[in-house]
Amino acid sequence: MPNKIYLNNQEVISLYLNGFNSIQIAKMFNCSKQIILKILKENNVPIRNNSHCQQKYKIDENVFENI
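Residues numbered from 1 in each chain as written. Predicted model: local features only at pLDDT ≥ 70, side-chain atom pairs only at ≥ 80, totals over all residues. Heavy atoms only, no water.

Caption draft 1: How the structure looks around the pattern of salt bridges. Tallying each qualifying case throughout the model produces one salt bridge. Ionic pairing is found between K38 and E42, a salt bridge with its closest N-O pair at 4.0 Å. Of this pair, K38 and E42 both sit in helix α3 (residues 33-42), four residues apart, roughly one helical turn. Residue K38 is classed as exposed on the basis of its relative accessible area of 52%. (Salt bridge = Lys/Arg side-chain N within 4 Å of Asp/Glu carboxyl O. Helix = DSSP H or I, 4+ residues; strand = E, 2+ residues; numbered from the N terminus. Buried < 20%, exposed > 50% of the residue type's maximum accessible area, 1.4 Å probe, protein only.)

This is how it looks when you write it as structure tokens:
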């Protein structure tokens, strides 16, 4: 029987919303990134795409909306 992993969902969500990616969070909790992504999806947290995950600096994508 596989070991059950118990994670604090609110802590996982908080870390993700504060800029950590799923791989970093998975390493913190010693689990796979798929488990972290499943928790995020079950709690309707918008998942960042790869380009957003790899950005070093925050970008205002709407800066040229009002020219």
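Caption draft 2: Representation of the confidence of the model for the protein in the model. Overall, the predicted model of the protein reaches an average pLDDT of 83, with 82% of residues at or above 70. Within the protein, the lowest mean pLDDT, 65, falls on helix α4 (residues 50-53), and the highest, 93, falls on α3. (pLDDT = per-residue confidence, 0-100.)

Caption draft 3: How the structure looks around the nonpolar core. Grouped together as the largest cluster of nonpolar side chains are 13 residues, with contacts concentrated most on L7, V12, I25, I36 and L40. Among the elements of the structure, α1 (9-17), α2 (22-29) and α3 are those that each provide at least two residues to this core. For L7, the contacting residues outside a window of four places in its chain are V12, F29, C31, I35, I36 and I39. (Core = buried A, V, L, I, M, F, W, Y, C linked by side-chain atoms within 4.5 Å. Contact = heavy atoms within 4.5 Å.)

Caption draft 4: View of the side chain of S22. Along the chain, the position of S22 falls in helix α2. If sequence neighbours within four positions are ignored, S22 has contacts with Y16, K33, I36 and L37.

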